[in-house]
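Chain by chain, the residues run as shown.
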Amino acid sequence: MDTIITRFPPSPTGYLHVGGARTALFNWLYARHTGGRFILRIEDTDAARSTQASVDAIFESLEWLGIDWDDGPYFQTQRYDLYREYIKKLIDAGHAYYCTCSPEDIEAMREKAMASGGKPKYDGTCREKNLPETPNAVVRLKAPLTGTTVIEDVVKGHIAFQNAELDDYIIQRSDGSPTYNLAVAVDDITMGVNTILRGDDHVNNTPKQMMIYKALGIDLPLYGHLPMVLGSDKTRLSKRHGAMSVSEFRDMGILPDAMLNYLVRLGWSHGDQEFFTRNELIEKFNIEHIGRSAGVFDQNKLFALNAEHIKVTAPRDLMVPLKPLLKQRDCDVADDEKLEKAIVTLVPRSKTLIEMADGALFYFKDIEAYDEKAVEKCFSGQAAEIMTALSGELAGLDSFDEKSLEDAFKKVMENMSLGFGKVANPVRVALSGKNVSPGMFEMMGVLGKEETLKRLEAALTFISALT
Ligand code: GLU
Ligand code: ZN
């Protein structure tokens, strides 16, 4: 089999959104799965809408996702000579021609076609005139007049277009610039692309691009048109549905692997498996199991998957994206060992890196204020007595390992005839500021002896000032 060559050709008119990222992912996975090549091409011919900021944002999001390319990035604006060469080739071979019809002529054709109930299309006035190149002439492709153009789509199946309904579309504008479909076809041909997976909003462009292949006698690539990603109300995903860009999800504390996992499930399945690691995706992805129905974007599912991915990521690896978040929150995170231990305690209770960073704050900062409800509930009754007794036990410990801590708690529990919860509740608030926290001994292990005693002391001072 030939090497699979896929591509992702975004138009840089905004950030990389969920739908685009899914398209990139499918093409990338298919190339990686087959040992093929993946090309990145920037379709920046629309000067009015393309921006450098969008190009940068697209690169940044792809890099964050870990979608790497083997070839490119190519920029269409740097390839105009090539497009001109192909346009000339098509003219010389009799597959394209100059057309000098004025906008008024074209308008008249439209009106005439509509009046007789037909679709507005170019009527072929210049098709057989063999006109020479003149200023302001456009170039049109000689499209077949009869028969059908058929896409054997790997996702949607057989899609037939009546050639009589397609017209001799413009491949070069009067200012000499190539049109969109010409540029895409020439690029895919010259880059050797043989597999095109793209959104089904491009289905109507496909027969136009296929005509260029046919005119040049070049084998067609394999096409697969992916159903659009929908929002919760089953309309096409758009800004109204909330976050849509990959960078927004990064900023919400989603891991790249979780994002990939979620994106792939918006249109591909492997039995009823929901959780995939990156390597598993590369191993299992195939074209046959791309779905025909549109995926519905559900942010809660993404968050739930993210929690799963957090659990299987090594704490050391979570440290990398977490550190900058903690620095933004004014935490001193120079102590890697402490941070790693803290992460271990937070993994089971974090759906996002943001939750994890917020949850880690109390490890790295003094408690500014105790939660009011927690104070009411846990700093009353015997709380001061309990904490004084526990401090006494803890002060005598050489090690803060789980066993020693458990023994210290047991002594207090026995001496005061209290259950674990009664002893732990005020301590939890003293150490974390709240009445929900990671496990008691784990938490103490991260804080260490000195800090634990300091916080118990501070809580006792706080309580004595209450009365
Ligand atoms: N530039 C097009 C887009 O961003 C993609 C074209 C294609 O995949 O052929 O929608
Ligand atoms: Zn004409």
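One structure accompanies this document, and this report is about it.

What counts and how
- Residues numbered from 1 in each chain as written.
- Chains lettered and ligands numbered in written order.
- Predicted model: local features only at pLDDT ≥ 70, side-chain atom pairs only at ≥ 80, totals over all residues.
- Heavy atoms only, no water.
- 1 Å grid on protein atoms, 1.4 Å probe; cavity = no way out; pocket = protein on both sides within 12 Å on 5 of 7 lines; lining within 4 Å.
- Points joined across faces, edges and corners; volume = space filled by probe spheres on them.
- Helix = DSSP H or I, 4+ residues; strand = E, 2+ residues; numbered from the N terminus.
- Nonpolar A, V, L, I, M, F, W, Y, C, P; charged D, E, K, R; others polar.
- Near = heavy atom within 4 Å.
- Polar contact = N/O pair within 3.5 Å; in protein donor to acceptor, adjacent residues only side chain to side chain.
- Areas by Shrake-Rupley, 256 points an atom, 1.4 Å probe, with all protein chains shown as cover.
- Sits in = over half its atoms within 2 Å of the grid points.
- Donors = N, O, S within 2.8 Å, 3.2 Å for Na, K, Ca; no water.
- Tetrahedral: all angles 85-135°; square planar, octahedral: opposite > 155°, others 65-115°.
- Salt bridge = Lys/Arg side-chain N within 4 Å of Asp/Glu carboxyl O.
- Buried < 20%, exposed > 50% of the residue type's maximum accessible area, 1.4 Å probe, protein only.
- Phe/Tyr/Trp six-rings, centres within 6.5 Å; stacked < 30°, edge-to-face > 60°.
- Pairing = 2+ DSSP bridges.
- Axes fitted to C-alpha atoms, helices over the stretch in contact; angles between N-to-C directions.
- Contact = heavy atoms within 4.5 Å.

**A few points about the layout of surface pockets**
In step 1: One number sums up the size of the largest pocket: a volume of about 1,100 Å³.
In step 2: Around the largest pocket, the lining is made up of 37 residues, and of these Ser11, Thr13, His17, Asp201 and His202 lie nearest the centre.
In step 3: At the level of elements, β1 (5–8), α1 (18–34), α5 (180–190) and β9 (195–199) are the ones that each hand at least two residues to the lining of the largest pocket.
In step 4: Per-element tally for the lining of the largest pocket: the top contributor is α1, with four residues.
In step 5: Its residues assigned to classes, the lining of the largest pocket shows 14 nonpolar, 13 polar and 10 charged.

**Notes on the site of ligand 1**
In step 1: Every residue close to ligand 1 is listed here: Arg7, Pro9, Pro10, Ser11, Glu43, Tyr180, Val184, Arg198 and His202.
In step 2: Between ligand 1 and the protein, one listed contact pairs a nitrogen atom with a backbone N or O atom of proline 9 at 2.7 Å.
In step 3: Between an oxygen atom of ligand 1 and a side-chain N or O atom of histidine 202, the distance comes to 2.9 Å.
In step 4: Here ligand 1 has 300 Å² of accessible area as a free molecule, and 81% of this is covered by the chains.
In step 5: Taking a 2 Å distance to the grid points as the criterion, the majority of the atoms of ligand 1 fall inside the largest pocket.

**Describing the coordination of the zinc ion (ligand 2)**
Tetrahedral coordination by four donors places them ideally at 109.5 degrees to one another around the metal; octahedral coordination by six donors ideally gives 90 or 180 degrees.
In step 1: Coordination of the zinc ion (ligand 2) by the protein comes from Cys99 (SG), Cys101 (SG), Tyr122 (OH) and Cys126 (SG), over a distance range of 2.0 to 2.3 Å.
In step 2: Around the zinc ion (ligand 2), the four donor atoms are arranged such that angles at the metal cover 101 to 120 degrees; this shape is classified as tetrahedral.
In step 3: All donors of the zinc ion (ligand 2) belong to a single chain; written as a sequence motif, their spacing is C-x1-C-x20-Y-x3-C.

**Some points on the pattern of salt bridges**
In step 1: For the structure on display, the rule yields 33 salt bridges.
In step 2: Between arginine 41 and aspartate 187 there is a salt bridge whose closest N-O contact spans 3.4 Å. Of the two residues, arginine 41 is situated in strand β2 (residues 37–42) and aspartate 187 in helix α5; the sequence distance between them amounts to 146 residues.
In step 3: A relative accessible area of 0% places arginine 41 in the buried class.
In step 4: We note a salt bridge from lysine 454 to glutamate 451, for which the minimum N-O separation is 3.5 Å. Of this pair, lysine 454 and glutamate 451 both sit in helix α18 (residues 440–466), separated by three residues, roughly a single helical turn.
In step 5: According to the relative accessible area criterion, lysine 454 is partly exposed, its value standing at 46%.
In step 6: For glutamate 451, a relative accessible area of 18% corresponds to the buried category.

**Quick word on the packing of aromatic side chains**
Two descriptors summarise a pair of aromatic rings, namely the distance from one centre to the other and the angle between the planes of the rings.
In step 1: On inspection of all chains with the given rule, the structure shows 14 aromatic pairs.
In step 2: Here phenylalanine 59 and tryptophan 69 contribute two aromatic rings whose centre-to-centre distance is 5.8 Å and whose plane-to-plane angle is 35 degrees, an arrangement assigned as tilted. Taken together, the residues phenylalanine 59 in helix α2 (residues 52–65) and tryptophan 69 in the loop between α2 and β3 (71–75) connect sequence positions 10 residues apart.
In step 3: On the accessibility criterion, phenylalanine 59 (17% relative accessible area) is buried.
In step 4: The interplanar angle of 85 degrees and the centroid separation of 5.2 Å between the aromatic rings of tyrosine 262 and phenylalanine 297 together place this pair among those described as edge-to-face.

**Examining the sheet that holds strand β5 (residues 138–141)**
In step 1: Here we have three strands laid out as an open sheet, ordered β4-β5-β8, and antiparallel in their pairing. Two strands close off the open sheet at either side, each with one partner strand: β4 (96–99) and β8 (170–172). Here the strands of the sheet are splayed against their neighbours by 45 degrees on average, with no regard to which way each runs.

**Digging into the sheet that holds β1**
In step 1: Across the sheet, which stays open at both edges, the three strands sit in the order β1-β2-β3 with parallel pairing between neighbours. The open sheet has two free edges, formed respectively by β1 and β3, since each of these has just one partner strand. Across the sheet, the mean angle from the axis of one strand to that of its neighbour is 25 degrees, orientation sign disregarded.
In step 2: Along the sheet face, α1 touches β1 and β2 and points at about 160 degrees away from the line of β1.

**Quick notes on the environment of glycine 445**
In step 1: Along the chain, the position of glycine 445 falls in helix α18.
In step 2: With 104 residues separating them in the primary sequence, glycine 445 and lysine 341 have C-alpha atoms 8.1 Å apart.
In step 3: In this structure, glycine 445 is in contact with Lys341, Phe400 and Leu405, ignoring residues within four places of it in sequence.

**A few points about the environment of glycine 157**
In step 1: Within the secondary structure, glycine 157 is located in strand β7 (residues 157–162).
In step 2: Along the backbone, glycine 157 and glutamate 368 are 211 residues apart, and their C-alpha atoms lie at a distance of 63 Å.
In step 3: Ignoring any residue separated from it by four or fewer positions in sequence, one finds glycine 157 in contact with Ile151, Glu152 and Arg292.

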